[in-house]
Amino acid sequence: FEPAGVLTLRVPMPAQMFPDTGHVRSLQENLVMRLSALPGVTTASATTALPLSAGASQTTVGIPGAPGNTGDEDRDRPLIDHVGVRPGYVEALGMRLLEGSGFMPRVSGDLEIMIDHTLAEYFFPNGGALGALRALRAAMKPPAEGDQT
């Protein structure tokens, strides 16, 4: 990612002020819309954790049928960082995608996935991660609305 020209801020959302995910989602959408309208702002987005910060959730992940699987269940389920993002995240951070596209506005129940180069090479050493991740998406439970920030 390219940190030059990126401004970040943290917006606390205490449960007593935002009792459900609808309130959280509404505030986030409103903030992104207002920030996007400011002069000089080219892209605005939101995330649950900034890159290289300690705020990411972690989980193990496996991709059934991936060519890089070894048959060793522990080795085939590496620990990964799990970060929720809003549309515009990839563009706001100046990330360079090797395949695919940035995140789109979410349709109810849909889950989009982006993996880094290291994980793509681990599971797909001969390439072809794009499209093959459908199995992973089907195996993952979509986050609650408030989790995709």
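Structure: see above.
Residues numbered from 1 in each chain as written. Predicted model: local features only at pLDDT ≥ 70, side-chain atom pairs only at ≥ 80, totals over all residues. Heavy atoms only, no water.

A. Summary view of the overall build of the protein chain. Within the protein chain one finds five helices and two strands. What you see in the protein chain, going N to C, is helices and strands ordered as α-β-β-α-α-α-α. Within the protein chain, buried positions represent 25% of all 149 residues. The contacts in the protein chain between residues at least 6 apart in sequence include a share of 62% that link residues at least 24 apart. With an accessible surface of roughly 10,100 Å², the protein chain has 55% of that area assigned to carbon and sulfur atoms. (Helix = DSSP H or I, 4+ residues; strand = E, 2+ residues; numbered from the N terminus. Buried < 20%, exposed > 50% of the residue type's maximum accessible area, 1.4 Å probe, protein only. Contact = heavy atoms within 4.5 Å. Areas by Shrake-Rupley, 256 points an atom, 1.4 Å probe, with all protein chains shown as cover.)

B. Spotlight on the packing of aromatic side chains. In total, this model carries one aromatic pair according to the counting rule given. Ring geometry for tyrosine 122 versus phenylalanine 123: centroids 5.1 Å apart, planes at 85°, classification edge-to-face. Residue classification places tyrosine 122 among the partly exposed residues on the basis of a relative accessible area of 26%. Accessibility expressed as a relative area gives 0% for phenylalanine 123, which makes it buried. (Phe/Tyr/Trp six-rings, centres within 6.5 Å; stacked < 30°, edge-to-face > 60°.)

C. Seen up close, the environment of alanine 49. Mapped onto the elements, alanine 49 comes out in the loop between helix 1 (21-36) and strand 1 (57-60). Sequence-wise, alanine 49 and valine 85 are 36 residues apart; in three dimensions their C-alpha atoms are separated by 8.5 Å. Beyond its immediate sequence surroundings of up to four residues, alanine 49 is in contact with Gly55, Ala56, Val83 and Tyr89.

D. Spatial organisation of the nonpolar core. Counting residues in each nonpolar core, the largest one holds nine residues, listed as Val61, Ile63, Ala66, Ile80, Leu119, Ala120, Phe123, Phe124 and Ala129. Among the elements that line this core, the one with the most residues is helix 3 (residues 117-123), at three residues. In contact with isoleucine 80, not counting residues within four places along its chain, are Ser57, Gln58, Thr59, Val61 and Leu119. (Core = buried A, V, L, I, M, F, W, Y, C linked by side-chain atoms within 4.5 Å.)

E. Summary view of helix 1. Compared with the 22 Å implied by 1.5 Å per residue over 16 residues, the 22 Å span of helix 1 between its first and last C-alpha is a close match. Listed in full, the buried residues belonging to helix 1 are Val24, Arg25, Gln28 and Val32. Angularly, the buried residues of helix 1 cover 95° about the axis, an arc narrow enough to put them on a single face. Those residues of helix 1 that are exposed and aimed more than 90 degrees away from the buried face are Met33 and Arg34. Backbone nitrogen of glycine 22 and a side-chain oxygen of the N-cap are separated by 3.0 Å at the start of helix 1; the cap is aspartate 20. (Expected span 1.5 Å × (residues − 1). Arc of directions from axis to C-beta. Polar contact = N/O pair within 3.5 Å; in protein donor to acceptor, adjacent residues only side chain to side chain.)

Take it as geometry only, folks, not as evidence of what the structure does.
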